[in-house]
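Take a look at the letters that make up each chain.
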Amino acid sequence: MKHETIETNVGWLIILTMIVISIGGLVEIIPLYFIKDTIETVKVDGKDTVHPYTPLELRGRDIYMREGCYLCHSQMIRPFRDENIRYGHYSLAAESRYDHPFQWGSKRTGPDLARVGGKYSNEWHLQHLVNPRDVVPESIMPSYPWLTEPLKFNAINDRLKALKATGVPYSQTQEEYQANVERFGKPTADMLDINNAEQNLIDQAQDGNYDGNRNDITEADALIAYLQSLGTMVDFSKFEEGYFAKFR
Ligand code: HEC
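All values derive from a computational prediction rather than experimental measurement. (Residues numbered from 1 in each chain as written. Predicted model: local features only at pLDDT ≥ 70, side-chain atom pairs only at ≥ 80, totals over all residues. Heavy atoms only, no water.)

Some points on the layout of surface pockets
The computed volume of the largest pocket comes to approximately 730 Å³. Around the largest pocket, the lining is made up of 31 residues, and of these His73, Pro111, Leu113, His128 and Met141 lie nearest the centre. At four residues, helix 5 (residues 122-130) tops the list of elements feeding residues into the lining of the largest pocket. Class assignment for the residues of the lining of the largest pocket results in 19 nonpolar, seven polar and five charged. (1 Å grid on protein atoms, 1.4 Å probe; cavity = no way out; pocket = protein on both sides within 12 Å on 5 of 7 lines; lining within 4 Å. Points joined across faces, edges and corners; volume = space filled by probe spheres on them. Helix = DSSP H or I, 4+ residues; strand = E, 2+ residues; numbered from the N terminus. Nonpolar A, V, L, I, M, F, W, Y, C, P; charged D, E, K, R; others polar.)

Remarks on the domain arrangement of the chain
Accessible area lost upon the coming together of the parts serves often as the stated size of an interface. Here the domain parsing of the chain yields domain 1 (3-33) and domain 2 (43-247). Placing a centre on the C-alpha atoms of domain 1 and another on those of domain 2 gives a separation of 45 Å. (Domains from an automatic or database assignment.)

Quick notes on the side chain of Arg115
Summarising the element assignment, Arg115 is placed in the loop between helix 4 (81-87) and helix 5. Here Tyr90 takes part through its backbone oxygen, which lies 3.2 Å from a polar atom of the side chain of Arg115. Once you skip the residues sitting within four places of it in the chain, Arg115 turns out to touch Ile77, Tyr87, Gly88, His89, Tyr90, Ser91, Leu92, Glu95, Leu230, Gly231 and Phe236. (Polar contact = N/O pair within 3.5 Å; in protein donor to acceptor, adjacent residues only side chain to side chain. Contact = heavy atoms within 4.5 Å.)

A few points about the confidence of the model for the chain
Reading fine detail from the predicted coordinates is not recommended where pLDDT is low. Across the chain, the average pLDDT comes to 94, with 100% of residues at or above 70. Within the chain, no element has a lower average pLDDT than helix 1 (residues 3-7), which sits at 89, and none a higher one than helix 3 (residues 55-66), at 98. (pLDDT = per-residue confidence, 0-100.)

Overview of the coordination of the iron atom of the ligand
Looking at the iron atom of the ligand, the protein donor atoms are His73 (NE2) and Met141 (SD), and they sit 1.9 to 2.1 Å from it. One way to put it: the six donor atoms around the iron atom of the ligand meet at angles of 89 to 178 degrees, and that makes the site octahedral. Of this pair, His73 sits in the loop between helix 3 and helix 4 while Met141 sits in the loop between helix 5 and helix 6 (156-165); the two residues are 68 residues apart in sequence, bridging distant segments of the chain. As far as the burial class goes, His73 and Met141 line up, both buried. (Donors = N, O, S within 2.8 Å, 3.2 Å for Na, K, Ca; no water. Tetrahedral: all angles 85-135°; square planar, octahedral: opposite > 155°, others 65-115°. Buried < 20%, exposed > 50% of the residue type's maximum accessible area, 1.4 Å probe, protein only.)

Some thoughts on helix 6
Quick reminder: α-helices carry 3.6 residues per turn. Residues three or four places apart thus point the same way. Those residues of helix 6 that fall on the buried side of the exposure criterion are Ile156, Leu160 and Leu163. Viewed along the axis of helix 6, the buried residues span an arc of 60 degrees, placing them on a single side of the element. The outward face of helix 6, more than 90 degrees from its buried face, is lined by the exposed residues Asp158 and Ala165. Taken together, the buried residues of helix 6 touch helix 3 and helix 9 (197-208). At the exit of helix 6 stands Gly167, carrying a positive phi of roughly 110 degrees. (Arc of directions from axis to C-beta.)

A few points about the nonpolar core
Of all hydrophobic cores here, the largest spans 47 residues; its most connected members are Val42, Leu56, Leu151, Tyr170, Leu223 and Leu227. Every element with two or more residues in this core is listed here: helix 3, helix 6, helix 9 and helix 10 (219-229). It is helix 10 that contributes the most residues to this core, seven residues altogether. Filtering out sequence-adjacent residues up to four positions away, Leu223 remains in contact with Gly60, Ile63, Tyr64, Leu129 and Leu147. (Core = buried A, V, L, I, M, F, W, Y, C linked by side-chain atoms within 4.5 Å.)

What about the packing of helix 5 against helix 10?
As a packed pair, helix 5 and helix 10 sit with axes 10 Å apart at the nearest point and diverge in direction by 120 degrees. In terms of orientation, helix 5 lies oblique with respect to helix 10. As helix 5 packs across helix 10, the resulting crossing turns out to be right-handed. Contact with helix 5, carried on its side by Asn122, His125, Leu126 and Leu129, involves Ala220, Leu223, Ile224, Leu227 and Gln228 of helix 10 and no other residues of that element. (Axes fitted to C-alpha atoms, helices over the stretch in contact; angles between N-to-C directions. Parallel < 35°, antiparallel > 145°, perpendicular 65-115°, else oblique. Left-handed = near helix turned anticlockwise from the far one by under 90°.)

Details of the packing of aromatic side chains
A complete count under the given rule lists nine aromatic pairs for this structure. Look at Tyr144 and Trp146: their rings are 5.6 Å apart centre to centre, the planes differ by 70 degrees, and that puts the pair in the edge-to-face class. On the basis of relative accessible area, Tyr144 is assigned to the buried category, the value being 11%. For Trp146, a relative accessible area of 39% corresponds to the partly exposed category. (Phe/Tyr/Trp six-rings, centres within 6.5 Å; stacked < 30°, edge-to-face > 60°.)

Okay, here's the thing in structure tokens:
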């Protein structure tokens with residue numbers, strides 16, 4: 001059939017276009033019926049190392065969204081050589097499985113933050129948030145001096161419950177807690193217990209001393225706890241090279 005016949009006959013054009021689109025669709029959809037999971041298994045000694053945020057980190061994440069940090073920072077290292085050299089191992093699907101909504105982003109006015117956890121000290125973060133130019137003179141990042149205000153966390157239980165409703169494994173009953181002990185180990189399971197959320201938040205803020213002041217629990221405590229957790233849940237040295245490639 002001549003190409004001109006197709007282009008000048010609406011009937012043929014519709015039918016053939018639909019066939020082409022269907023083939024494209026089937027090629028994408030059919031494989032999904034044959035793979036068990038689209039998320040990598042990340043277990044060390046039989047325990048899942050990727051776990052939901054602690055109550056304090058979760059409040060930090062709320063502040064991250066409130067302040068619009070995602071407008072300048074992505075949290076998604078793509079599997080390209082230059083990104084891997086600069087930021088570390090490419091981001092795994094498993095690493096944002098408990099993020100609702102995820103913070104991948106697409107705008108990088110500042111660097112990607114997917115693995116910023118552990119890169120700087122808490123003091124550095126505090127100074128950098130209050131006035132970025134104190135530590136990076138040429139920085140164009142805005143100052144956030146109000147983050148040293150007290151943190152509101154009276155609704156923390158409801159926040160965890162809301163996430164639980166979307167499938168994030170925070171525990172409320174004894175059975176759910178036991179299942180978490182099995183899955184994540186006891187220390188993590190304790191942190192994910194909704195019944196102790198408020199005390200856990202206070203303890204982590206005081207022990208971690210993220211803002212250099214043990215008496216007050218500030219928004220900086222929460223935000224820095226969150227930043228320090230980013231990208232730290234998978235210890236890549238525990239996996240053989242190429243292990244994660246098979247999930248791609
Ligand atoms: C207007 C764009 C912009 C916004 C909004 C912004 N940043 Fe930045 N950020 C930058 C730039 C540019 C840099 C690089 C210079 C520097 O280190 O200050 C940076 C650097 C950083 C770094 C250091 C990253 C590294 O690997 O060196 C962290 C951490 C960070 N920002 C956190 C935040 C947080 C948290 C927020 C929200 C409270 C935020 N940023 C909001 C632009 C922004």
